[in-house]
Amino acid sequence: MPIHEEHLIRPEDLTTHDNLVLDGVDVSGHWSTFIESRVVTDYNEGLEDEISALPGGEYIHRCWQCGSCTNSCPVYSLHENFNPRFWIYLIRMGMDQELLRDKDIIWQCVSCNQCTYACPRDVNPEGVMKATAHWLELKGHTETSPSKHFDEEFTDQVVATGKIEEGRILRGFFRRTKQPLLHDWMIGMVINLIKHFPIKILTAMGLATFVRPRTRNWASARDAIKEYVAEKNRKHRKALSLTELTEIAAHELDDSELNK
Ligand code: SF4
Ligand code: SF4
């Protein structure tokens with residue numbers, strides 16, 4: 001596997017002259033590769049603190065950039081721009097504009113936790129990926145990702161009933177992501193289930209699709225979980241200054257309406 005290299009010099013920042021002679025020396029092609037000058041002045045000094053305030057990001061400060069996370073990552077082996085080590089570097093440096101260039105692939109982490117086992121510093125890179133995807137959504141840089149939709153559907157169901165029922169979760173996930181209910185793979189899976197599963201289990205699964213199963217006396221646990229989640233959400237909003245950002249955006253909207 002190639003080493004986990006990913007750096008800040010992007011191909012679009014390189015210029016090569018096909019025909020160039022300098023002081024009588026032919027430096028055409030590769031020999032005349034120049035790097036566009038680049039000055040970063042807008043470091044986001046609060047970025048690391050914001051990511052570490054979200055669940056999973058707490059230990060990002062421990063990273064020493066060894067790259068074991070990226071080298072062990074199965075998504076990286078398929079997609080060389082998927083690079084947890086590099087994103088952790090950008091976050092710690094406060095380079096949010098660089099991070100935003102990869103905003104549409106960060107959520108693709110499949111939570112296999114290979115990186116977590118490989119990390120010698122207990123950074124929990126998988127958690128950092130989740131926290132970063134969460135940060136991107138909370139800050140309005142990305143739409144809610146499919147994996148977040150799935151997590152929310154799963155969590156809503158557990159909180160509401162104290163149980164999970166796979167068929168309902170899939171239906172809810174398809175509804176949230178505006179996908180059709182029937183997929184070829186699903187029809188194949190159901191046919192296989194009917195062929196191979198005992199009738200007793202199939203009947204229970206079918207019933208659970210129509211009658212929502214619930215844990216007995218779940219109400220007090222449900223209320224406690226909701227209270228805890230609301231408290232956590234308030235803390236996250238505060239850490240990311242989301243309330244202030246919303247107010248600023250509302251003021252700007254009012255001003256632009258008045259100036260019309
Ligand atoms: S948890 Fe995510 S980042 Fe870590 S190895 Fe798996 S896919 Fe890669
Ligand atoms: S394995 Fe851990 S210490 Fe090494 S680069 Fe990844 S997060 Fe940092």
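Residues numbered from 1 in each chain as written. Chains lettered and ligands numbered in written order. Predicted model: local features only at pLDDT ≥ 70, side-chain atom pairs only at ≥ 80, totals over all residues. Heavy atoms only, no water.

Visitor: I'd like a description of the overall build of the protein, backed by residues and values.
Guide: For the protein, the helix and strand inventory stands at 13 helices and 4 strands. Taken against the 2.2 N^0.38 rule, which gives 18 Å for 260 residues, the C-alpha radius of gyration of the protein at 24 Å runs more than 25% over that of a compact globule. Expressed as lengths along the three principal axes of its C-alpha atoms, the size of the protein is roughly 85 × 55 × 45 Å. The contacts of the protein with a sequence gap of at least 6 include a subset with a gap of at least 24, amounting to 62%. (Helix = DSSP H or I, 4+ residues; strand = E, 2+ residues; numbered from the N terminus. Rg over C-alpha atoms; globule rule 2.2 N^0.38 Å. Contact = heavy atoms within 4.5 Å.)

Visitor: Let's hear about unusual backbone geometry: which residues, and what values?
Guide: A positive phi is found at N113, a non-glycine position, where the angle reads about 70°. Relative to the assigned elements, N113 resides in the loop between helix 5 (96-100) and helix 6 (114-118). With a relative accessible area of 23%, N113 lands in the partly exposed category. (Buried < 20%, exposed > 50% of the residue type's maximum accessible area, 1.4 Å probe, protein only.)

Visitor: Could you give an account of the site of ligand 1, naming the residues involved and the relevant values?
Guide: Within the structure, ligand 1 sits among 14 residues, and C73, C109, C112, N113 and C115 are positioned closest to it. Looking at the shell around ligand 1, the elements with two or more residues in it are helix 3 (74-78), helix 6 and helix 7 (125-138). Looking at the shell around ligand 1, its residues break down into 10 nonpolar, 3 polar and 1 charged. (Near = heavy atom within 4 Å. Nonpolar A, V, L, I, M, F, W, Y, C, P; charged D, E, K, R; others polar.)

Visitor: Tell me what's going on with helix 4 (residues 84-93), and back it up with residues and numbers.
Guide: For helix 4, a buried count of 7 out of 10 residues is recorded, marking the element as mostly surrounded by other parts of the structure. Within helix 4 the residues assigned to the buried category are P84, R85, F86, W87, I88, L90 and I91. In this fold, the buried residues of helix 4 make contact with helix 1 (47-52), helix 2 (68-72), helix 5 and helix 7. Following helix 4 by one or two positions, G94 adopts a phi angle in the positive range, close to 80°.

Visitor: So what's going on with the site of ligand 2? Which residues, and what values?
Guide: Lining the immediate environment of ligand 2, one finds 14 residues, of which C63, C66, G67, C69 and C119 sit closest. When residues of the shell around ligand 2 are traced back to their parent elements, those giving at least two are helix 2 and helix 4. Split by residue class, the shell around ligand 2 holds 9 nonpolar, 3 polar and 2 charged.

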